[in-house]
Amino acid sequence: MKDIQLYINGAFVPAQNQAMFDNLNPYTEQRINQVASGGKKDIQAACAAAEAAFKDGPWGHMKLKDRMSYIEKIADLIDDAVDEIAVMESHDTGLPISQTRKMVARAAENFRFYSRMVQTHLHGDAYQVDDTFINYTVYQPLGPVGLITPWNAPFMLTTWKVAPALASGNTVVLKPAELSPLSANKLAEIIDAAGVPNGVFNVVHGYGETAGAALVQNTKVKAISFTGETVTGKTIIRNSADSLKKTSMELGGKSPIIVFDDADFDRALDAAVWGIFSFNGERCTANSRLFIHSAIKEPFIKALKHRVDQVKMGDPMDDSTELGPLIDHGHFSKVSGYIDKAEIEGCEVYQGALPSGISKGHFVPPTLLLNARNDMQASQEEIFGPVMSVIEFSSEEEAIQLANEIEYGLAGYVWTNDIKRGHRVAQAVDAGMLWVNAQNVRDLRIPFGGMKSSGIGREGGHHALLEFYTEPKAIHVSIADHPIPQFGKAY
Ligand code: NAD
(Lines give C-alpha, C1' and ligand atoms only; values in the text may rest on other atoms or scores of the structure.)
Protein backbone atom coordinates (compact mmCIF):
# COMPACT_ATOMS: atom_id res chain seq x y z
CA MET A 1 0.00 0.00 0.00
CA LYS A 2 1.27 3.49 -0.81
CA ASP A 3 2.65 5.68 1.96
CA ILE A 4 0.33 8.28 3.40
CA GLN A 5 0.80 11.99 3.93
CA LEU A 6 -0.73 14.72 6.00
CA TYR A 7 -3.76 16.58 4.60
CA ILE A 8 -3.42 20.31 5.13
CA ASN A 9 -5.33 23.11 3.43
CA GLY A 10 -6.71 20.82 0.74
CA ALA A 11 -3.40 19.16 -0.20
CA PHE A 12 -1.68 15.89 0.71
CA VAL A 13 1.77 16.91 1.93
CA PRO A 14 4.78 15.35 3.69
CA ALA A 15 5.72 16.35 7.21
CA GLN A 16 7.84 19.50 7.14
CA ASN A 17 10.83 17.60 8.55
CA GLN A 18 10.13 14.69 6.13
CA ALA A 19 9.79 12.24 9.09
CA MET A 20 7.82 9.02 8.59
CA PHE A 21 6.82 6.14 10.87
CA ASP A 22 6.06 2.51 10.07
CA ASN A 23 2.47 1.29 10.11
CA LEU A 24 2.26 -2.44 10.96
CA ASN A 25 -0.44 -5.02 10.28
CA PRO A 26 -1.30 -6.65 13.66
CA TYR A 27 -2.00 -10.04 12.02
CA THR A 28 0.97 -10.42 9.69
CA GLU A 29 3.22 -8.15 11.76
CA GLN A 30 4.48 -6.86 8.41
CA ARG A 31 4.78 -3.19 7.47
CA ILE A 32 1.70 -1.98 5.60
CA ASN A 33 3.21 1.36 4.64
CA GLN A 34 4.85 4.44 6.07
CA VAL A 35 3.03 7.42 7.46
CA ALA A 36 4.13 11.06 7.53
CA SER A 37 4.95 11.92 11.13
CA GLY A 38 3.71 15.43 11.80
CA GLY A 39 5.13 17.69 14.46
CA LYS A 40 4.56 21.15 15.88
CA LYS A 41 5.16 22.99 12.58
CA ASP A 42 2.68 20.79 10.72
CA ILE A 43 0.11 21.33 13.46
CA GLN A 44 0.71 25.09 13.20
CA ALA A 45 0.18 24.97 9.43
CA ALA A 46 -3.01 22.92 9.81
CA CYS A 47 -4.39 25.18 12.54
CA ALA A 48 -3.62 28.30 10.49
CA ALA A 49 -5.43 26.76 7.50
CA ALA A 50 -8.40 25.83 9.68
CA GLU A 51 -8.54 29.34 11.13
CA ALA A 52 -8.36 30.99 7.71
CA ALA A 53 -11.05 28.67 6.36
CA PHE A 54 -13.29 29.57 9.28
CA LYS A 55 -12.70 33.32 9.28
CA ASP A 56 -12.17 34.14 5.63
CA GLY A 57 -13.46 31.11 3.76
CA PRO A 58 -17.03 30.35 2.79
CA TRP A 59 -17.61 27.58 5.36
CA GLY A 60 -18.54 29.74 8.34
CA HIS A 61 -20.91 31.91 6.31
CA MET A 62 -22.41 29.31 4.04
CA LYS A 63 -26.16 28.84 3.83
CA LEU A 64 -27.19 25.87 5.94
CA LYS A 65 -28.64 24.03 2.97
CA ASP A 66 -25.36 24.35 1.09
CA ARG A 67 -23.23 23.22 4.03
CA MET A 68 -25.50 20.21 4.57
CA SER A 69 -25.21 19.25 0.92
CA TYR A 70 -21.46 18.74 1.53
CA ILE A 71 -22.19 16.70 4.66
CA GLU A 72 -24.60 14.47 2.77
CA LYS A 73 -22.17 14.13 -0.15
CA ILE A 74 -19.54 12.85 2.31
CA ALA A 75 -22.05 10.23 3.53
CA ASP A 76 -22.75 9.12 -0.06
CA LEU A 77 -19.04 8.79 -0.81
CA ILE A 78 -18.53 6.72 2.36
CA ASP A 79 -21.36 4.43 1.23
CA ASP A 80 -19.56 3.91 -2.07
CA ALA A 81 -16.35 2.96 -0.26
CA VAL A 82 -17.64 0.79 2.62
CA ASP A 83 -15.95 -2.41 1.43
CA GLU A 84 -12.66 -0.68 0.67
CA ILE A 85 -12.58 1.09 4.05
CA ALA A 86 -13.60 -2.05 5.95
CA VAL A 87 -10.71 -4.00 4.39
CA MET A 88 -8.32 -1.14 5.16
CA GLU A 89 -9.56 -0.96 8.74
CA SER A 90 -9.16 -4.71 9.32
CA HIS A 91 -5.59 -4.64 7.96
CA ASP A 92 -4.81 -1.68 10.17
CA THR A 93 -6.44 -2.79 13.44
CA GLY A 94 -6.74 -6.59 13.30
CA LEU A 95 -10.51 -6.29 13.82
CA PRO A 96 -12.48 -9.04 12.03
CA ILE A 97 -13.79 -7.96 8.64
CA SER A 98 -17.39 -8.96 9.46
CA GLN A 99 -17.27 -6.41 12.29
CA THR A 100 -15.45 -3.58 10.49
CA ARG A 101 -17.97 -3.77 7.62
CA LYS A 102 -20.84 -3.03 10.02
CA MET A 103 -18.92 -0.25 11.74
CA VAL A 104 -17.90 1.48 8.54
CA ALA A 105 -21.46 1.33 7.21
CA ARG A 106 -22.56 3.17 10.35
CA ALA A 107 -20.03 5.95 9.67
CA ALA A 108 -22.07 7.25 6.72
CA GLU A 109 -25.08 7.42 9.00
CA ASN A 110 -23.10 9.63 11.40
CA PHE A 111 -22.96 12.31 8.68
CA ARG A 112 -26.62 11.92 7.64
CA PHE A 113 -27.71 11.98 11.26
CA TYR A 114 -25.86 15.24 11.94
CA SER A 115 -27.15 16.82 8.79
CA ARG A 116 -30.69 16.18 10.08
CA MET A 117 -29.78 17.12 13.67
CA VAL A 118 -28.34 20.50 12.70
CA GLN A 119 -31.40 21.33 10.66
CA THR A 120 -33.86 20.34 13.37
CA HIS A 121 -32.11 20.97 16.69
CA LEU A 122 -29.43 23.62 16.25
CA HIS A 123 -31.48 26.63 17.18
CA GLY A 124 -31.72 28.96 20.12
CA ASP A 125 -34.58 29.92 22.41
CA ALA A 126 -36.49 33.16 22.95
CA TYR A 127 -37.17 34.52 26.44
CA GLN A 128 -39.86 37.15 26.68
CA VAL A 129 -39.51 39.34 29.82
CA ASP A 130 -42.92 40.89 30.39
CA ASP A 131 -43.27 43.78 27.94
CA THR A 132 -39.72 45.09 28.41
CA PHE A 133 -37.30 42.62 26.85
CA ILE A 134 -37.14 39.94 24.28
CA ASN A 135 -33.99 37.90 24.92
CA TYR A 136 -32.83 35.15 22.64
CA THR A 137 -29.96 32.77 22.09
CA VAL A 138 -28.08 31.86 18.97
CA TYR A 139 -25.67 28.93 18.75
CA GLN A 140 -22.52 29.77 16.84
CA PRO A 141 -19.68 27.45 15.78
CA LEU A 142 -16.49 27.71 17.83
CA GLY A 143 -13.98 28.01 14.99
CA PRO A 144 -11.10 25.57 14.48
CA VAL A 145 -11.50 22.51 16.70
CA GLY A 146 -8.99 19.73 17.40
CA LEU A 147 -10.11 16.11 17.32
CA ILE A 148 -7.86 13.43 18.83
CA THR A 149 -8.86 9.81 18.28
CA PRO A 150 -7.83 6.33 19.54
CA TRP A 151 -6.81 3.28 17.53
CA ASN A 152 -9.81 1.07 18.23
CA ALA A 153 -12.68 1.41 15.72
CA PRO A 154 -10.95 4.44 14.18
CA PHE A 155 -13.25 5.23 11.23
CA MET A 156 -16.46 5.00 13.22
CA LEU A 157 -15.10 7.03 16.13
CA THR A 158 -13.51 9.65 13.90
CA THR A 159 -16.66 10.26 11.88
CA TRP A 160 -18.63 10.45 15.13
CA LYS A 161 -16.60 13.57 15.91
CA VAL A 162 -16.00 14.99 12.43
CA ALA A 163 -19.68 14.90 11.42
CA PRO A 164 -21.06 17.13 14.23
CA ALA A 165 -17.98 19.38 14.15
CA LEU A 166 -18.32 20.16 10.45
CA ALA A 167 -22.12 20.12 10.28
CA SER A 168 -22.31 22.81 12.97
CA GLY A 169 -19.92 25.03 11.00
CA ASN A 170 -16.54 24.49 12.65
CA THR A 171 -13.31 23.70 10.87
CA VAL A 172 -11.26 20.71 11.96
CA VAL A 173 -7.72 19.53 12.63
CA LEU A 174 -7.76 15.77 13.20
CA LYS A 175 -4.89 13.93 14.92
CA PRO A 176 -5.58 10.22 14.37
CA ALA A 177 -4.04 7.46 16.47
CA GLU A 178 -0.60 6.48 15.24
CA LEU A 179 -1.41 2.76 15.47
CA SER A 180 -4.31 2.85 12.98
CA PRO A 181 -3.91 5.88 10.69
CA LEU A 182 -5.17 4.53 7.35
CA SER A 183 -8.88 5.28 7.37
CA ALA A 184 -8.32 8.89 8.48
CA ASN A 185 -6.56 9.50 5.18
CA LYS A 186 -9.38 7.81 3.32
CA LEU A 187 -11.75 10.20 5.05
CA ALA A 188 -9.56 13.11 3.90
CA GLU A 189 -9.75 11.78 0.32
CA ILE A 190 -13.53 11.54 0.59
CA ILE A 191 -13.90 15.04 2.04
CA ASP A 192 -11.58 16.34 -0.66
CA ALA A 193 -13.62 14.58 -3.37
CA ALA A 194 -16.83 16.02 -1.91
CA GLY A 195 -15.41 19.47 -2.73
CA VAL A 196 -15.32 20.77 0.84
CA PRO A 197 -13.37 24.07 0.74
CA ASN A 198 -9.64 23.98 1.49
CA GLY A 199 -8.66 24.20 5.14
CA VAL A 200 -12.05 23.13 6.49
CA PHE A 201 -10.77 19.63 7.27
CA ASN A 202 -7.12 18.82 7.99
CA VAL A 203 -5.35 15.66 9.13
CA VAL A 204 -2.00 15.64 10.91
CA HIS A 205 -0.66 12.18 11.67
CA GLY A 206 1.98 11.75 14.33
CA TYR A 207 2.65 10.75 17.89
CA GLY A 208 0.56 11.87 20.82
CA GLU A 209 3.39 13.50 22.74
CA THR A 210 4.42 15.61 19.74
CA ALA A 211 1.62 16.20 17.21
CA GLY A 212 -1.16 15.59 19.75
CA ALA A 213 0.36 17.82 22.42
CA ALA A 214 1.03 20.61 19.88
CA LEU A 215 -2.61 20.52 18.79
CA VAL A 216 -3.80 20.74 22.41
CA GLN A 217 -1.55 23.77 23.02
CA ASN A 218 -2.26 25.62 19.79
CA THR A 219 -3.98 28.91 20.57
CA LYS A 220 -5.96 29.03 17.32
CA VAL A 221 -7.83 25.86 18.34
CA LYS A 222 -10.90 26.60 20.45
CA ALA A 223 -11.76 23.11 21.69
CA ILE A 224 -10.40 19.58 21.89
CA SER A 225 -12.61 16.55 21.56
CA PHE A 226 -10.62 13.61 22.84
CA THR A 227 -11.29 9.87 22.96
CA GLY A 228 -8.66 7.67 24.54
CA GLU A 229 -7.18 6.54 27.82
CA THR A 230 -8.03 8.24 31.08
CA VAL A 231 -4.39 9.03 31.83
CA THR A 232 -4.00 10.75 28.44
CA GLY A 233 -7.21 12.69 29.05
CA LYS A 234 -5.78 14.08 32.29
CA THR A 235 -2.62 15.20 30.47
CA ILE A 236 -4.68 16.89 27.78
CA ILE A 237 -6.79 18.76 30.33
CA ARG A 238 -3.59 19.98 32.03
CA ASN A 239 -2.01 21.01 28.71
CA SER A 240 -5.11 22.83 27.51
CA ALA A 241 -5.33 24.99 30.63
CA ASP A 242 -3.04 27.78 29.41
CA SER A 243 -5.13 28.42 26.33
CA LEU A 244 -8.33 27.79 28.33
CA LYS A 245 -9.90 25.38 25.86
CA LYS A 246 -13.19 23.63 26.01
CA THR A 247 -12.54 19.87 26.24
CA SER A 248 -14.71 16.81 25.76
CA MET A 249 -13.33 13.67 27.35
CA GLU A 250 -14.44 10.19 26.25
CA LEU A 251 -12.20 7.96 28.34
CA GLY A 252 -11.67 4.39 29.50
CA GLY A 253 -14.12 1.98 31.07
CA LYS A 254 -14.43 -1.18 33.13
CA SER A 255 -18.11 -1.83 32.76
CA PRO A 256 -20.19 -4.28 34.78
CA ILE A 257 -22.72 -6.74 33.44
CA ILE A 258 -25.02 -7.91 36.25
CA VAL A 259 -26.93 -11.13 35.62
CA PHE A 260 -29.65 -11.96 38.13
CA ASP A 261 -30.99 -15.47 38.65
CA ASP A 262 -34.32 -14.62 36.96
CA ALA A 263 -32.63 -13.31 33.77
CA ASP A 264 -33.26 -14.80 30.36
CA PHE A 265 -30.27 -17.13 30.62
CA ASP A 266 -29.51 -17.61 26.92
CA ARG A 267 -29.87 -13.95 25.95
CA ALA A 268 -27.75 -12.82 28.90
CA LEU A 269 -25.12 -15.35 27.89
CA ASP A 270 -25.11 -14.13 24.26
CA ALA A 271 -24.79 -10.54 25.43
CA ALA A 272 -22.00 -11.24 27.93
CA VAL A 273 -19.96 -13.15 25.35
CA TRP A 274 -20.49 -10.62 22.56
CA GLY A 275 -19.89 -7.64 24.86
CA ILE A 276 -16.42 -8.76 25.90
CA PHE A 277 -15.11 -10.70 22.89
CA SER A 278 -16.35 -8.65 19.92
CA PHE A 279 -13.98 -5.95 18.60
CA ASN A 280 -11.19 -8.18 19.99
CA GLY A 281 -12.20 -6.96 23.45
CA GLU A 282 -10.80 -3.54 22.50
CA ARG A 283 -14.09 -1.78 23.13
CA CYS A 284 -14.50 1.07 25.61
CA THR A 285 -17.95 -0.15 26.68
CA ALA A 286 -16.94 -3.82 26.95
CA ASN A 287 -18.52 -5.70 29.87
CA SER A 288 -15.22 -6.68 31.41
CA ARG A 289 -16.67 -7.43 34.88
CA LEU A 290 -19.40 -10.07 35.01
CA PHE A 291 -21.39 -10.18 38.25
CA ILE A 292 -23.29 -13.45 38.30
CA HIS A 293 -25.96 -14.38 40.86
CA SER A 294 -24.85 -17.29 43.03
CA ALA A 295 -27.99 -19.32 42.20
CA ILE A 296 -27.04 -19.57 38.50
CA LYS A 297 -23.29 -19.23 38.80
CA GLU A 298 -22.41 -22.83 38.01
CA PRO A 299 -24.56 -23.33 34.89
CA PHE A 300 -23.69 -19.85 33.61
CA ILE A 301 -19.95 -20.43 33.95
CA LYS A 302 -20.29 -23.85 32.33
CA ALA A 303 -22.10 -22.25 29.38
CA LEU A 304 -19.54 -19.43 29.23
CA LYS A 305 -16.68 -21.92 29.05
CA HIS A 306 -18.41 -23.75 26.25
CA ARG A 307 -18.77 -20.51 24.30
CA VAL A 308 -15.17 -19.49 24.95
CA ASP A 309 -14.06 -22.84 23.50
CA GLN A 310 -15.91 -22.03 20.31
CA VAL A 311 -14.95 -18.40 19.62
CA LYS A 312 -13.26 -18.52 16.23
CA MET A 313 -9.84 -16.89 16.16
CA GLY A 314 -7.88 -16.30 13.01
CA ASP A 315 -7.20 -14.09 10.00
CA PRO A 316 -9.17 -10.85 10.38
CA MET A 317 -9.86 -10.95 6.63
CA ASP A 318 -11.69 -14.28 6.94
CA ASP A 319 -15.45 -13.68 7.10
CA SER A 320 -15.91 -16.34 9.76
CA THR A 321 -13.30 -14.94 12.17
CA GLU A 322 -14.79 -13.67 15.42
CA LEU A 323 -11.62 -12.67 17.29
CA GLY A 324 -8.51 -11.22 15.70
CA PRO A 325 -5.10 -10.20 17.06
CA LEU A 326 -4.59 -7.26 19.40
CA ILE A 327 -3.35 -4.00 17.93
CA ASP A 328 0.38 -4.39 18.66
CA HIS A 329 2.99 -6.16 20.70
CA GLY A 330 2.99 -3.57 23.48
CA HIS A 331 -0.74 -4.00 24.00
CA PHE A 332 -0.39 -7.80 23.83
CA SER A 333 2.19 -7.66 26.64
CA LYS A 334 -0.05 -5.41 28.73
CA VAL A 335 -3.09 -7.68 28.36
CA SER A 336 -1.04 -10.86 28.95
CA GLY A 337 0.51 -9.28 32.04
CA TYR A 338 -2.92 -8.72 33.60
CA ILE A 339 -3.86 -12.37 32.98
CA ASP A 340 -0.61 -13.64 34.55
CA LYS A 341 -1.08 -11.38 37.54
CA ALA A 342 -4.70 -12.53 38.02
CA GLU A 343 -3.54 -16.14 38.04
CA ILE A 344 -0.93 -15.38 40.68
CA GLU A 345 -3.62 -13.61 42.72
CA GLY A 346 -5.71 -16.79 42.73
CA CYS A 347 -7.99 -16.65 39.66
CA GLU A 348 -8.68 -19.74 37.62
CA VAL A 349 -7.77 -18.62 34.09
CA TYR A 350 -9.95 -20.24 31.45
CA GLN A 351 -8.98 -19.53 27.83
CA GLY A 352 -9.90 -20.63 24.35
CA ALA A 353 -7.19 -22.47 22.44
CA LEU A 354 -5.38 -20.67 19.64
CA PRO A 355 -5.86 -22.72 16.47
CA SER A 356 -2.76 -24.54 15.27
CA GLY A 357 -1.20 -22.83 12.29
CA ILE A 358 -1.36 -19.35 13.81
CA SER A 359 2.25 -18.43 14.40
CA LYS A 360 2.03 -14.67 13.99
CA GLY A 361 -0.19 -11.91 15.23
CA HIS A 362 -0.68 -10.61 18.74
CA PHE A 363 -3.44 -13.04 19.70
CA VAL A 364 -4.84 -13.26 23.21
CA PRO A 365 -7.51 -15.99 23.29
CA PRO A 366 -10.90 -15.26 24.86
CA THR A 367 -10.23 -15.36 28.59
CA LEU A 368 -12.36 -15.81 31.71
CA LEU A 369 -10.89 -14.89 35.08
CA LEU A 370 -12.92 -17.22 37.29
CA ASN A 371 -13.20 -16.81 41.07
CA ALA A 372 -12.08 -13.23 40.59
CA ARG A 373 -12.54 -10.64 43.30
CA ASN A 374 -13.66 -7.13 42.51
CA ASP A 375 -10.66 -5.61 44.26
CA MET A 376 -8.06 -7.44 42.16
CA GLN A 377 -6.01 -5.35 39.75
CA ALA A 378 -7.44 -7.27 36.78
CA SER A 379 -10.97 -6.37 37.93
CA GLN A 380 -10.22 -2.72 38.65
CA GLU A 381 -8.04 -1.58 35.75
CA GLU A 382 -8.98 -1.33 32.09
CA ILE A 383 -7.36 -4.28 30.30
CA PHE A 384 -8.89 -3.43 26.88
CA GLY A 385 -8.67 -7.00 25.62
CA PRO A 386 -10.82 -10.16 25.49
CA VAL A 387 -10.64 -10.75 29.23
CA MET A 388 -13.60 -10.86 31.64
CA SER A 389 -13.51 -11.11 35.43
CA VAL A 390 -16.30 -13.37 36.71
CA ILE A 391 -17.49 -12.43 40.19
CA GLU A 392 -20.31 -13.96 42.24
CA PHE A 393 -22.97 -11.96 44.12
CA SER A 394 -25.98 -12.96 46.17
CA SER A 395 -28.15 -9.85 46.60
CA GLU A 396 -29.20 -6.77 44.65
CA GLU A 397 -27.47 -4.49 47.16
CA GLU A 398 -24.24 -6.43 46.86
CA ALA A 399 -24.34 -6.32 43.05
CA ILE A 400 -24.79 -2.54 43.07
CA GLN A 401 -22.04 -2.05 45.62
CA LEU A 402 -19.58 -4.19 43.66
CA ALA A 403 -20.51 -2.56 40.36
CA ASN A 404 -19.82 0.87 41.84
CA GLU A 405 -16.60 0.03 43.67
CA ILE A 406 -14.45 1.14 40.76
CA GLU A 407 -12.82 4.26 39.40
CA TYR A 408 -14.68 4.06 36.08
CA GLY A 409 -18.28 4.80 35.10
CA LEU A 410 -18.78 4.47 31.36
CA ALA A 411 -21.41 1.78 30.76
CA GLY A 412 -23.34 -0.98 32.53
CA TYR A 413 -25.67 -3.85 31.66
CA VAL A 414 -28.41 -5.33 33.84
CA TRP A 415 -30.14 -8.64 33.14
CA THR A 416 -33.31 -9.46 35.07
CA ASN A 417 -36.94 -10.20 34.28
CA ASP A 418 -38.06 -8.18 37.30
CA ILE A 419 -38.77 -4.88 35.59
CA LYS A 420 -38.76 -2.86 38.82
CA ARG A 421 -35.38 -4.27 39.78
CA GLY A 422 -34.08 -3.59 36.27
CA HIS A 423 -34.87 0.12 36.60
CA ARG A 424 -33.68 0.27 40.20
CA VAL A 425 -30.29 -1.24 39.47
CA ALA A 426 -29.80 0.76 36.27
CA GLN A 427 -30.45 3.96 38.19
CA ALA A 428 -28.14 2.94 41.03
CA VAL A 429 -25.10 1.96 38.97
CA ASP A 430 -22.65 4.84 38.49
CA ALA A 431 -22.28 4.95 34.71
CA GLY A 432 -23.11 7.28 31.86
CA MET A 433 -24.96 4.62 29.88
CA LEU A 434 -26.95 1.61 31.08
CA TRP A 435 -28.71 -1.11 29.17
CA VAL A 436 -31.43 -3.31 30.70
CA ASN A 437 -31.80 -6.73 29.08
CA ALA A 438 -29.72 -5.67 26.09
CA GLN A 439 -26.19 -5.57 24.83
CA ASN A 440 -24.66 -2.26 23.73
CA VAL A 441 -27.09 -1.13 21.04
CA ARG A 442 -26.38 2.36 19.79
CA ASP A 443 -28.99 5.08 19.52
CA LEU A 444 -27.35 8.07 17.87
CA ARG A 445 -29.65 10.47 19.72
CA ILE A 446 -28.56 9.57 23.25
CA PRO A 447 -25.93 11.47 25.24
CA PHE A 448 -22.86 9.24 24.86
CA GLY A 449 -20.18 9.35 27.55
CA GLY A 450 -19.17 8.42 31.04
CA MET A 451 -18.92 9.66 34.60
CA LYS A 452 -16.12 9.35 37.20
CA SER A 453 -12.81 8.56 35.43
CA SER A 454 -14.62 7.58 32.23
CA GLY A 455 -15.12 11.08 30.99
CA ILE A 456 -16.38 14.61 31.13
CA GLY A 457 -19.18 15.79 28.87
CA ARG A 458 -21.35 13.93 26.42
CA GLU A 459 -21.16 13.39 22.69
CA GLY A 460 -24.00 12.19 20.51
CA GLY A 461 -27.40 13.56 19.59
CA HIS A 462 -28.06 17.24 19.95
CA HIS A 463 -25.76 17.20 23.02
CA ALA A 464 -22.66 17.25 20.80
CA LEU A 465 -24.03 20.27 18.94
CA LEU A 466 -25.45 22.37 21.74
CA GLU A 467 -23.10 21.44 24.57
CA PHE A 468 -19.79 21.15 22.76
CA TYR A 469 -19.36 22.19 19.13
CA THR A 470 -21.17 25.53 19.44
CA GLU A 471 -21.20 28.48 21.79
CA PRO A 472 -24.55 29.85 22.93
CA LYS A 473 -24.75 33.61 22.70
CA ALA A 474 -27.49 35.46 24.59
CA ILE A 475 -28.82 38.63 22.99
CA HIS A 476 -30.96 40.98 25.10
CA VAL A 477 -33.19 43.41 23.25
CA SER A 478 -35.15 46.10 25.04
CA ILE A 479 -38.61 46.53 23.54
CA ALA A 480 -39.71 49.33 25.86
CA ASP A 481 -38.24 52.24 27.75
CA HIS A 482 -37.35 50.12 30.76
CA PRO A 483 -35.87 51.92 33.80
CA ILE A 484 -32.09 52.54 33.73
CA PRO A 485 -30.30 53.40 37.03
CA GLN A 486 -29.44 57.11 37.15
CA PHE A 487 -25.72 57.35 37.97
CA GLY A 488 -23.75 60.62 37.90
CA LYS A 489 -26.78 62.63 36.97
CA ALA A 490 -27.18 66.01 38.70
CA TYR A 491 -30.37 66.43 40.73
P1 NAD B 1 -4.48 6.85 24.04
O2 NAD B 1 -4.93 7.74 25.12
O3 NAD B 1 -3.18 6.16 24.19
O4 NAD B 1 -4.38 7.63 22.65
C5 NAD B 1 -5.50 8.29 22.09
C6 NAD B 1 -5.01 9.42 21.21
O7 NAD B 1 -4.38 10.40 22.03
C8 NAD B 1 -3.99 9.01 20.16
O9 NAD B 1 -4.26 9.70 18.96
C10 NAD B 1 -2.69 9.48 20.76
O11 NAD B 1 -1.69 9.75 19.80
C12 NAD B 1 -3.13 10.75 21.44
N13 NAD B 1 -2.25 11.22 22.52
C14 NAD B 1 -1.45 10.50 23.33
N15 NAD B 1 -0.80 11.31 24.19
C16 NAD B 1 -1.19 12.58 23.92
C17 NAD B 1 -0.88 13.86 24.46
N18 NAD B 1 0.00 14.00 25.46
N19 NAD B 1 -1.49 14.93 23.94
C20 NAD B 1 -2.38 14.82 22.95
N21 NAD B 1 -2.71 13.64 22.37
C22 NAD B 1 -2.13 12.52 22.87
O23 NAD B 1 -5.66 5.81 23.82
P24 NAD B 1 -5.65 4.53 22.86
O25 NAD B 1 -4.78 3.50 23.49
O26 NAD B 1 -5.42 4.98 21.47
O27 NAD B 1 -7.19 4.08 22.94
C28 NAD B 1 -7.69 3.19 23.87
C29 NAD B 1 -8.42 3.94 24.97
O30 NAD B 1 -9.48 4.71 24.42
C31 NAD B 1 -9.07 3.04 26.00
O32 NAD B 1 -8.86 3.54 27.27
C33 NAD B 1 -10.54 3.11 25.64
O34 NAD B 1 -11.44 2.83 26.69
C35 NAD B 1 -10.65 4.53 25.20
N36 NAD B 1 -11.86 4.72 24.39
C37 NAD B 1 -12.90 5.43 24.95
C38 NAD B 1 -14.08 5.60 24.23
C39 NAD B 1 -15.24 6.37 24.81
O40 NAD B 1 -16.13 6.73 24.06
N41 NAD B 1 -15.26 6.62 26.11
C42 NAD B 1 -14.18 5.07 22.94
C43 NAD B 1 -13.09 4.36 22.41
C44 NAD B 1 -11.93 4.21 23.14
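Preceding block: the structure.
Throughout what follows, the structure given in this document is the object of discussion. Small disclaimer: the values here were computed from a predicted structure and weren't measured. (Residues numbered from 1 in each chain as written. Predicted model: local features only at pLDDT ≥ 70, side-chain atom pairs only at ≥ 80, totals over all residues. Heavy atoms only, no water.)

### Some thoughts on helix H13 (residues 396–404)
All buried positions along H13 are accounted for by Glu 396, Ala 399, Ile 400, Leu 402, Ala 403 and Asn 404. Tucked into the core, H13 has its buried residues touching strand S12 (256–259), strand S13 (289–293), strand S16 (387–393), helix H14 (419–428) and strand S20 (451–452). (Buried < 20%, exposed > 50% of the residue type's maximum accessible area, 1.4 Å probe, protein only. Helix = DSSP H or I, 4+ residues; strand = E, 2+ residues; numbered from the N terminus. Contact = heavy atoms within 4.5 Å.)

### What about the pairing of strand S8 (residues 171–175)?
With five of its five residues buried, S8 lies for the most part within the structure. The two faces of S8 match: Thr 171, Val 173 and Lys 175 on one face and Val 172 and Leu 174 on the other face are all buried. The β-α-β motif built from strand S7 (residues 144–148), the intervening helix H5 (residues 154–167) and the parallel element S8 has right-handed crossover chirality. Here three bridges tie S8 to strand S9 (residues 201–203), and the two strands are oriented parallel to one another. Directly across from Val 173, in S9, lies its bridge partner Asn 202. Crossover handedness for the path S8 to helix H6 (residues 182–193) to S9: right-handed. (Right-handed = clockwise from strand over helix to strand, strands pointing away. Pairing = 2+ DSSP bridges.)

### Focus: unusual backbone geometry
Of note, the phi angle at Gln 18 is positive, near 65°, even though the residue is not glycine. Along the chain, Gln 18 turns up in the loop between strand S2 (11–13) and strand S3 (20–24). Take Gln 18: its relative accessible area is 56%, and that puts it in the exposed class. Even without being glycine, Asp 130 reaches a positive phi, approximately 45°. With respect to the secondary-structure elements, Asp 130 resides in the loop between strand S5 (126–129) and strand S6 (133–141).

### Some points on the sheet that holds strand S14 (residues 348–351)
On the basis of which strands lie adjacent, the open sheet formed by seven strands has the order S14-S15-S16-S13-S12-S18-S19 and mixed pairing. A strand with exactly one partner marks an edge of an open sheet, and here the two such strands are S14 and strand S19 (433–436). Along the sheet, successive strands turn relative to each other by an average axial angle of 20°, direction set aside. As paired strands, strand S18 (residues 411–415) and S19 are joined by four bridges and run parallel to one another. In the sheet register, Ala 411 faces S19, and the bridge partner there is Met 433. Its contacts with the sheet put helix H11 (residues 329–344) on S14, strand S15 (367–370) and S16, and the angle it makes with S14 is roughly 135°. (Axes fitted to C-alpha atoms, helices over the stretch in contact; angles between N-to-C directions.)

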